[in-house]
Every structure is written in structure tokens, then in C-alpha cells.
Amino acid sequence: MEFKELLDTCNWDTMKAAIYNKTSRDVEAALNNQRRSIDDFMALISPAAQPYLEQMAALSRQYTQQRFGKTIQFYIPLYLTNSCINHCVYCGFNHSNDIKRIILTDDQIIREAEAIKRIGDFQHVLLVTGENPRTAGADYIENAIKLVKPYFSSISIEVQPLKEEEYSCLSKAGMNAVYCYQETYNKQHYKIYHPKGMKSKFDWRIDGYERMGKAGVHKVGLGVLIGLEDWRTDVTFMALHLRYLQKRYWQTKYSVSFPRMRPHVGEGFQPNLIMTDKEFVQLIFAYRIFDHDIEIALSTREQSYLRDNLMTLGITSLSAGSKTDPGGYAVYKQELEQFSVNDGRSSNEVLEAVKKQGYEVIWKDWDLSLQ
């Protein structure tokens, strides 16, 4: 049974009710268990767990240091294009938005890579595109990987879902990881947020993780966009998805992220809900307690004070000095960004913040350095 079939056996409202019905006794049992189940995870993200945040924080820090030591991995996004055929209501790259569309040329990609190397010793780059398979499809992405490979030891991508054979080709070209956010697991409401374009096809997107696993992708990143649906229910379905993938594609490494909606160019879609900082840290602690080995990334969507405080409490990866527009490091001047960043510090400033916490920055990929 593939995950989309498993998902069809689950009821969103039933899952939501189960989470909100958790009690303090359920939370205490989850904290005391050695191996946490999905049911334990539901208790840890429930409202009943909020009085236990201090205990959860201590466990989250303990498990993170046991697995990763006192380290934080740095990565940086390189946006290749804002061209997109989708109409996602929450995104600045929405096809309907009246913005200048850019697809970086070979020379511009190299200039961006060189500019990134001048601002920090980054070895882990994340190549990001809008979803336009006709003009920036697998061939374009493969070429970009080959262009930046001399500059970085670890190359990840965040692009449209691809075919299994395309993931295999990109891995051979030097790709190490794929990040693909389902945005929401609420299949009934999914099309509200993705009315047109390939991204409107729920099954094609969720099947992408199967294709990544079959292609032997080294690392896969999952995520939901906080602000669309009830976050507790969404992240529980993502936890189910994670456990399914870990059992079926056990040789693959996994990462999770929980981006909160940020301002962007367009018609001004407002989040359906606002997650508080207290709820955000509860979610991070819950995922670390649920899975000690999972990588948890925190982008510049979040404010500097929150990122600094979470460095020692469960986070393993941070972006720094990020630009969210194609050519933002060397070619253009922040005219085309996907969303506005919240932490605008330079990579050196973030580096100093990490050092003040008594932690060490890892510029390259842990797993690749161990191979």
C-alpha cells in the first residue's frame, strides 16, 4: 500500500478530534515512553502538552546533542527562477502575479555561486525554482547542478516534483537531497490553495516522495506550510508520512521543516490561522522527541531572536544571509522575492550568534562527510 492509499483510509476530522482530546495523562505517558508512537506524538502537539514545554525542551536538547553534538549546519538557498505555472494563493511566484519573470542563465548561475562563496564558507546550497517544467525542467536543473558543483560539496533542490528517472539523473549529476513540501495533507481543501497548475494535482505531488525513494535519493525533506489548515492535524499526517517513508525507504535520510506563512507579492491571501511562537517551539520539541535522528531546518522566515533561542533546543540546520529572489546575491536587487525574510542578518552575524550559544557551525553535510 502506497502512502496516498493509506491517507485515504484516514479521516481529517477524526484525527483532529483525537489530538484535541488528549489529556495530561497522555502527555506524561508520551514523555516517559522510550519509543514514541504516532499516538504519543499527537499527545505532545496537543493543547494538553503546553504546560509541559519546559520538560519537552530539556528532552529535545538532550536528544539533539546526543545525535548531532553541539553543532548547527549552515545552508543557503540559491533561487534559479521565479517562473511558475502554478496559481498557489499564498506564493509570490503565483503565475497571476504581475512580476518580472527571470530564469538565470549559465553565466548568472555561476556569478550567484561565486557571490555566495564570498559571503561565507557555505558548502551546502539549496537550488530553488518556481514550477515551470517547460523552461526550467529537469534538464535545466541538471545543468545548474553541474554548474555549481565545483563550488559546493552538498547540493539540494527544492523544485517541482519530478519523475523517478529524472531524480536518478540528478543524483548522478551531483544532487544530494530533495526538499518538497506537501503544504497541506488536507486533500479535501488542497485545491482551494492550489487551484491551477501541476501543483493542483494532489496525488502527483504526494507520489513524488515514492519516486524519490525508488530513485535512491540520499536525503528527502518534508514540510507543511503553517497557516493553511489546523497545524496540529497537518503535522500529524506528516509524521505518519515520515514513518511510512522510513520503513519503506530506510536507506534514505529525512529532514522536516515547518515554514510559517510570510508576506509576499500578490492579492494578499491571509493565513487561515496564526501559530504563536509558543506553539511553534512546542512543535519542534515534539518532533525531536518523536524522532531523535530527524534533521530539523529553520529558515530566515523566522525572527532572529527565535532562531537564536532554538539553536540549542532541537534545530539542526539554519539558513543564513538568504535571498529569496533569483539573482539576489549578485545579479539583481531584491525585486522578485518569493517571500520577505524575517532574519536579515549576514551569515557572519548568524555565525557569531551560534558561537555565543557555545555551538559550532558545520558548513558541509554531516552524512556526506561520514561516508
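For the structure itself, look to the data block above.
Residues numbered from 1 in each chain as written. Predicted model: local features only at pLDDT ≥ 70, side-chain atom pairs only at ≥ 80, totals over all residues. Heavy atoms only, no water.

Q: Can you tell me about the packing of helix 3 (residues 24–32) against helix 4 (residues 38–45), naming the residues and giving the values?
A: Relative to each other, helix 3 and helix 4 sit at 120°, their axes nearing to 8 Å. Relative to helix 4, the element helix 3 is oriented oblique. The element helix 3 and its partner helix 4 pack so that their crossing is left-handed. Listed contacts from helix 4 to Asp-26, Val-27, Ala-30 and Leu-31 of helix 3 are Asp-40, Ala-43 and Leu-44. Of the residues that constitute the contact of helix 3 with helix 4, the class distribution is five nonpolar, no polar and two charged. (Axes fitted to C-alpha atoms, helices over the stretch in contact; angles between N-to-C directions. Helix = DSSP H or I, 4+ residues; strand = E, 2+ residues; numbered from the N terminus. Parallel < 35°, antiparallel > 145°, perpendicular 65-115°, else oblique. Left-handed = near helix turned anticlockwise from the far one by under 90°. Contact = heavy atoms within 4.5 Å. Nonpolar A, V, L, I, M, F, W, Y, C, P; charged D, E, K, R; others polar.)

Q: Can you explain the side chain of Asp-234? Please cite residues and give values.
A: With respect to the helices and strands, the residue Asp-234 is situated in helix 12 (residues 231–248). It turns out Asp-234 is buried and unbridged, and the closest side chain with the opposite charge, Lys-16, is 11 Å from it. Setting aside residues up to four positions removed in sequence, Asp-234 forms contacts with Trp-12, Glu-183, Thr-184, Tyr-185, Asn-186, Val-224 and Glu-229. (Buried < 20%, exposed > 50% of the residue type's maximum accessible area, 1.4 Å probe, protein only. Lys, Arg positive; Asp, Glu negative; His and termini not counted. Salt bridge = Lys/Arg side-chain N within 4 Å of Asp/Glu carboxyl O.)

Q: So what's going on with the environment of Ile-157? Residues and values would help.
A: Here Ile-157 lies in strand 3 (residues 154–158). Ile-157 sits in the buried class, given a relative accessible area of 0%. When the C-alpha atoms of Ile-157 and Leu-170 are compared, they prove to be 9.6 Å apart, with 13 residues separating the residues in sequence. Residues contacting Ile-157, with those up to four places away along its chain left out, are Leu-126, Leu-127, Ile-141, Ile-145, Leu-170, Met-175, Ala-177, Val-178 and Tyr-179.

Q: Now, about the nonpolar core: what can you tell me, with residues and values included?
A: Ranked by internal contacts, the top residues of the largest apolar core, which has 108 residues, are Phe-74, Leu-127, Tyr-185, Phe-258, Tyr-287 and Leu-310. If we skip the residues at most four places from it in the chain, Leu-310 touches Phe-280, Val-281, Ile-284, Phe-285, Leu-298 and Ile-315. Within the second largest apolar cluster, 16 residues are counted, among which are Leu-126, Tyr-179, Tyr-193 and Leu-225. (Core = buried A, V, L, I, M, F, W, Y, C linked by side-chain atoms within 4.5 Å.)

Q: So what's going on with helix 13 (residues 277–290)? Residues and values would help.
A: With 14 residues, helix 13 extends 20 Å between its outermost C-alpha atoms, agreeing within 8% with the 20 Å of an ideal straight helix rising 1.5 Å per residue. With respect to burial, helix 13 is a largely interior element, twelve of its 14 residues being buried. Restricting attention to buried positions, one finds in helix 13 the residues Glu-279, Phe-280, Val-281, Gln-282, Leu-283, Ile-284, Phe-285, Ala-286, Tyr-287, Arg-288, Ile-289 and Phe-290. (Expected span 1.5 Å × (residues − 1).)

Q: I'd like to hear about the pattern of salt bridges, residue by residue, with values.
A: Tallied over the entire structure, the rule returns 18 salt bridges. The salt bridge partner of Lys-187 is Asp-8, with a shortest N-O separation of 3.7 Å. Taken as a pair, Lys-187 in the loop between strand 4 (177–179) and helix 10 (190–193) and Asp-8 in helix 1 (residues 3–8) lie far apart in primary sequence, 179 residues in all. A relative accessible area of 53% places Asp-8 in the exposed class. A cluster of three or more residues bridged by salt bridges with shared partners is formed by Arg-307, Asp-308, Asp-343 and Arg-345.

Q: Give me the lowdown on unusual backbone geometry, citing residues and values where you can.
A: Positioned with a positive phi, Glu-183 is a non-glycine residue whose angle comes to about 75°. With respect to the helices and strands, Glu-183 occurs in the loop between strand 4 and helix 10.

Q: Summarise helix 5 (residues 53–68); cite the residues concerned and give the values.
A: Taking 1.5 Å per residue, 16 residues should reach 22 Å; helix 5 reaches 22 Å between its end C-alpha atoms and fits that length. Turning to helix 5, its buried residues number three or more, namely Leu-53, Met-56, Ala-57, Leu-59, Ser-60, Tyr-63, Thr-64 and Phe-68. Projected down its long axis, helix 5 shows its buried positions confined to an angular sector of 170°, all on one face. Turned more than 90 degrees away from the buried face of helix 5, the exposed residues are Glu-54 and Gln-66. (Arc of directions from axis to C-beta.)

Q: Could you give an account of the environment of Met-238, naming the residues involved and the relevant values?
A: Structurally, Met-238 is set in helix 12. Non-local contacts of Met-238, meaning those with residues more than four positions away in its chain, are made with Tyr-185, Leu-222, Gly-223, Val-224, Val-256, Ser-257, Phe-258 and Tyr-287.

Q: Run through the packing of aromatic side chains, naming residues and quoting values.
A: In total, this model carries twelve aromatic pairs according to the counting rule given. Judged by centre distance (6.4 Å) and plane angle (85°), the ring pair of Phe-3 and Tyr-185 falls under edge-to-face. Of the two residues, Phe-3 sits in helix 1 while Tyr-185 sits in the loop between strand 4 and helix 10, which places them 182 residues apart along the sequence. Tyr-185 matches Phe-3 in its accessibility class, with the two residues each being buried. For the pair Tyr-79 and Phe-93, a centre-to-centre distance of 6.1 Å together with 85° between the ring planes defines the contact as edge-to-face. Taken together, the residues span a long stretch of sequence, with Tyr-79 in strand 1 (residues 71–81) and Phe-93 in the loop between strand 1 and helix 6 (106–119) at a distance of 14 residues. Of the residues examined, Phe-93 reaches a relative accessible area of 2% and is grouped as buried. Here the aromatic residues Phe-41, Phe-258, Tyr-287 and Phe-290 are joined through ring pairs into a cluster of three or more. The ring of Phe-68 is capped by Arg-67, whose NZ or CZ atom sits 4.4 Å from the centre of that ring. The lysine or arginine in question, Arg-211, covers the ring of Trp-204, its NZ or CZ lying 3.6 Å from the ring centre. (Phe/Tyr/Trp six-rings, centres within 6.5 Å; stacked < 30°, edge-to-face > 60°. Lys NZ or Arg CZ within 6 Å of the ring centre and 35° of its normal.)

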